[in-house]
Amino acid sequence: MKKIKIFLGTKILLLTLLTTNVRAQDYGFAIDQLQILPPYMGTFIGEYMRDINENLNNQFFFASQTSAAALKKGEWEISVLGGGSLITSQEINQPDQRDYPHGQQIFISGEVPTIFGPSQPSSLTFQFKDPDSGQPLTNPFDGTNIEFSLDLPSGLGLGLGATPSAALSLGYGIGYGTEVKAYFTPMLLSILGETEDGFSFNGDQAWGFQLKHEISHWIPKMKEKGYHMSISGGYSSYNLAIESSFLDAPIEIALSDSVSIFASDNISGIVYDISTYGGKFTIGKSFKYMEFAAFVDYTENSFSMASEGGLIVDLIDKTGDTPNETSNINGLMDYEGTNSQMGYGASLTIGQKLFRTSLSYRRANTNFFAIGIQFHFGGKKDAPSPKEAKDQ
């Protein structure tokens with residue numbers, strides 16, 4: 001993602017106003033109007049990231065869920081998992097800027113960019129309004145609109161998208177057809193260090209836990225024939241911290257001999273969070289060296305991004321005749337949203353001893369594929385169900 005330097009565009013506006021010989025309070029409303037930037041930029045960034053927001057954490061959630069059979073009592077499972085969603089060109093988010101706030105004052109040239117969308121450049125134009133007439137504010141000398149533009153980040157332009165996932169999982173059978181699993185994935189992006197755009201990724205991690213109960217534990221005839229039926233539920237979280245600044249140093253721009261704008265940056269970083277919870281119903285059949293399972297599932301996903309700090313804009317009258325005016329522009333990258341998914345799929349687990357492998361496919365809004373390697377230790381036969389105990 002490109003670094004968006006908001007006040008580069010503002011500088012164009014202020015240089016235009018330089019010729020108008022005004023007092024500080026005459027253009028105080030222009031600074032006030034900049035306060036509509038945060039909700040617009042928040043909507044833009046949310047739509048730009050939507051394909052990541054709605055798919056990334058779901059993949060962590062489902063990568064560690066494969067077999068319909070539960071672990072035996074005292075059995076441990078260590079898994080290394082990897083996978084990802086494949087987003088086709090038809091499934092890539094294509095937002096309509098007419099749905100964005102303040103569309104009469106801010107607009108995007110060309111196609112609205114998204115992270116997996118086309119790679120052609122685009123820009124955002126902010127057009128100031130006359131507070132009295134509501135019409136575009138114009139330069140009194142040449143009649144041109146007073147506005148500024150920002151370069152926007154373009155898409156990857158690959159014609160498709162992908163949200164990869166990987167995790168180290170630990171599972172344990174607690175008996176009576178029940179197991180618990182937890183997973184953790186550190187430093188997905190931290191290994192990138194600082195990018196060319198000045199972003200520094202740190203503290204990112206994914207983690208989650210799941211609880212599964214094998215219903216067929218209570219139905220001996222199903223287990224005798226190698227069938228397994230289970231329900232599971234869990235929670236998953238992904239967190240990322242980004243360090244970045246939008247202005248390398250404070251800037252001062254003169255409007256006249258006595259009036260100037262002083263802009264400084266106190267943005268310390270961006271916090272990105274995704275959380276997911278959901279449930280899954282699985283039915284499977286065990287054969288000699290493998291298990292085949294099919295499932296349906298439901299997930300609720302919530303996501304947010306929050307910028308820490310903001311931009312400080314001071315309108316300064318150097319003569320002292322007019323009190324200085326200070327404005328804070330915060331929340332430039334802030335957004336939040338939710339989505340839910342119904343999905344279905346199938347999995348194949350090969351092996352029944354110490355070493356096993358698994359393949360999984362899920363279809364919801366996108367196609368998801370996963371592969372896993374599992375190591376099993378310990379375990380003993382589960383306690384019999386009430387009917388089995390009675391028969392004994």
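Only a predicted model underlies this, so the values are computations on that prediction, with no experimental measurement involved.

Chemist: What is the right way to read the overall build of the protein from this model?
Modeler: Check the secondary structure of the protein and you find seven helices and 17 strands. Buried positions account for 49% of the 392 residues belonging to the protein. Taking the intrachain contacts of the protein between residues at least 6 apart in sequence as the baseline, contacts between residues at least 24 apart amount to 72%.

Chemist: How should I be thinking about the pattern of salt bridges in this particular structure?
Modeler: Under the definition given, this model contains nine salt bridges. We note a salt bridge from Asp 96 to Arg 98, for which the minimum N-O separation is 2.7 Å. The class for Arg 98 is exposed, based on a relative accessible area of 72%. Two residues, Glu 179 and Lys 181, come together in a salt bridge whose shortest N-O distance is 4.0 Å. The two residues Glu 179 and Lys 181 agree in class, both being buried. Among the charged side chains, a salt-bridge network with shared partners connects Glu 77, Glu 179, Lys 181 and Lys 212.

Chemist: Whenever I open this one, the sheet that holds strand β4 (residues 147-152) confuses me. Can you help?
Modeler: Within a sheet, neighbouring strands are paired by backbone hydrogen bonds and run either parallel or antiparallel to one another. Taking strand neighbours across the sheet as the criterion, the three strands line up as β2-β3-β4 in an open arrangement whose pairing is antiparallel. Both edges of this open sheet fall to β2 (106-109) and β4, since each of them pairs with a single strand only. Across the sheet, the mean angle from the axis of one strand to that of its neighbour is 25 degrees, orientation sign disregarded. As judged from the four bridges shared by β2 and strand β3 (residues 122-127), these two strands associate in the antiparallel manner. Across the sheet, Ile 108 pairs through a bridge with Leu 124, a residue of β3. Its contacts with the sheet place helix α3 (residues 37-48) against β2, β3 and β4, and it is angled at close to 35 degrees to β2.

Chemist: Help me understand the nonpolar core in this model?
Modeler: In globular proteins that are soluble, nonpolar side chains generally tend to be buried together. By size, the foremost hydrophobic cluster in this structure holds 46 residues, and its most contacted members are Leu 34, Leu 37, Phe 44, Met 49, Phe 126, Phe 128 and Tyr 272. Ranked by the residues each element gives to this core, the list is headed by α3, at six residues.

Chemist: In this structure, what is going on with the environment of Val 180? I would like to understand it.
Modeler: Among the secondary structure elements, Val 180 is positioned in strand β6 (residues 178-186). Residue Val 180 is classed as partly exposed on the basis of its relative accessible area, which comes to 34%. Sequence spacing of Val 180 and Leu 211 is 31 residues, and the spatial spacing of their C-alpha atoms is 4.6 Å.

Chemist: Sorry if this is basic, but what is going on with the pairing of strand β12 (residues 290-308) here?
Modeler: The side chains of a regular strand alternate, first on one face of the sheet and then on the other. Bridge analysis of strand β11 (residues 269-286) against β12 gives 18 bridges, and the strand direction is antiparallel. Among the inter-strand pairings, Lys 285 is bridged to a residue of β12, identified as Phe 292. The hairpin formed by β11 and β12 contains three residues between the paired strands. Pairing analysis gives 16 bridges linking β12 to strand β15 (residues 335-350), with the strands arranged antiparallel.

Chemist: Where do I start with a nonpolar patch on the surface in this structure?
Modeler: Together, Trp 76, Ile 78, Val 80, Leu 168, Leu 170, Leu 354, Phe 355, Ile 373, Phe 375 and Phe 377 line one region of the surface with nonpolar side chains, adding up to about 900 Å² of accessible area. Only β1 (73-87), β5 (161-175) and β17 (367-380) provide two or more residues apiece to the nonpolar patch. Structurally, Phe 355 is set in strand β16 (residues 355-363). Among the residues examined, Phe 355 registers a relative accessible area of 46% and is labelled partly exposed.

Chemist: What's the story with unusual backbone geometry in this structure? I'm lost.
Modeler: Among all residues except glycine, the phi angle is most often negative; among peptide bonds, the trans geometry is most common. Here the phi dihedral of Tyr 176 falls at roughly 55 degrees; this positive angle occurs in a residue that is not glycine. Within the secondary structure, Tyr 176 sits in the loop between β5 and β6.

Chemist: Would you explain the environment of Gly 278 in this entry?
Modeler: With respect to the element layout, Gly 278 can be found in strand β11. Through-space distance from the C-alpha of Gly 278 to that of Gln 341 is 9.3 Å; in sequence the pair is 63 residues apart.

Chemist: How do you make sense of the environment of Leu 86 when you look at a structure like this?
Modeler: Position of Leu 86 among the secondary structure elements: in strand β1. Each residue touching Leu 86, except ones within four places of it in the same chain, is listed here: Glu 91, Leu 160, Gly 161, Thr 366 and Asn 367.

Chemist: Explain the confidence of the model for the protein to me, please; I cannot follow it from the model alone.
Modeler: For any part of a model where pLDDT is low, the fine detail of the predicted coordinates should not be relied upon. For the protein, the average pLDDT comes to 79, and 78% of its residues sit at 70 or higher. Here residues 1-22 scores under 50 on pLDDT; set against residues more than four positions off or in separate chains, the count is 69 contacts.

Chemist: How should I be thinking about the packing of aromatic side chains in this particular structure?
Modeler: The description of two aromatic rings rests on the distance between their centres and on the angle between their planes. Counted according to the given criterion, the structure contains 10 aromatic pairs. Seen from their ring centres, Phe 44 and Tyr 48 are 5.9 Å apart, and the 35 degrees between their planes marks the pair as tilted. Note that Phe 44 and Tyr 48 are positioned in helix α3 at a spacing of four residues, about one turn of the helix. Here Tyr 48 falls in the buried class, since its relative accessible area comes to 4%. Grouped by ring-pair contacts, the aromatic residues Trp 207, Phe 209 and Tyr 235 constitute a single cluster. Of note, Lys 285 hangs over the ring of Tyr 227, and the distance from its end group to the ring centre comes to 5.4 Å. Residue placement shows Lys 285 over the ring face of Phe 287; its charged tip is 4.6 Å from the ring centre.

Chemist: Would you mind showing me how to read α3 here?
Modeler: An α-helix turns once every 3.6 residues. As a result, residues three or four positions apart point the same way. If you check α3, its first and last C-alpha atoms are 16 Å apart, about what 12 residues at 1.5 Å a residue would give, namely 16 Å. Judged by how many residues are buried, α3 sits mostly within the fold: 10 of 12 residues are covered. Listed as buried for α3 are Leu 37, Pro 38, Tyr 40, Met 41, Gly 42, Phe 44, Ile 45, Gly 46, Glu 47 and Tyr 48.

Chemist: I tried to follow the side chain of Lys 181 on my own but got confused; where do I start?
Modeler: For Lys 181, the position within the fold is in strand β6. According to the relative accessible area criterion, Lys 181 is buried, its value standing at 10%. At 2.9 Å, the side chain of Lys 181 forms a polar contact with the side chain of Glu 77.

So, how was this worked out
Residues numbered from 1 in each chain as written. Predicted model: local features only at pLDDT ≥ 70, side-chain atom pairs only at ≥ 80, totals over all residues. Heavy atoms only, no water. Helix = DSSP H or I, 4+ residues; strand = E, 2+ residues; numbered from the N terminus. Buried < 20%, exposed > 50% of the residue type's maximum accessible area, 1.4 Å probe, protein only. Contact = heavy atoms within 4.5 Å. Salt bridge = Lys/Arg side-chain N within 4 Å of Asp/Glu carboxyl O. Pairing = 2+ DSSP bridges. Axes fitted to C-alpha atoms, helices over the stretch in contact; angles between N-to-C directions. Core = buried A, V, L, I, M, F, W, Y, C linked by side-chain atoms within 4.5 Å. Patch = residues over 30% accessible without salt bridge, like charges linked within 9 Å, V, L, I, M, F, W, Y side chains within 5 Å. Areas by Shrake-Rupley, 256 points an atom, 1.4 Å probe, with all protein chains shown as cover. pLDDT = per-residue confidence, 0-100. Phe/Tyr/Trp six-rings, centres within 6.5 Å; stacked < 30°, edge-to-face > 60°. Lys NZ or Arg CZ within 6 Å of the ring centre and 35° of its normal. Expected span 1.5 Å × (residues − 1). Polar contact = N/O pair within 3.5 Å; in protein donor to acceptor, adjacent residues only side chain to side chain.

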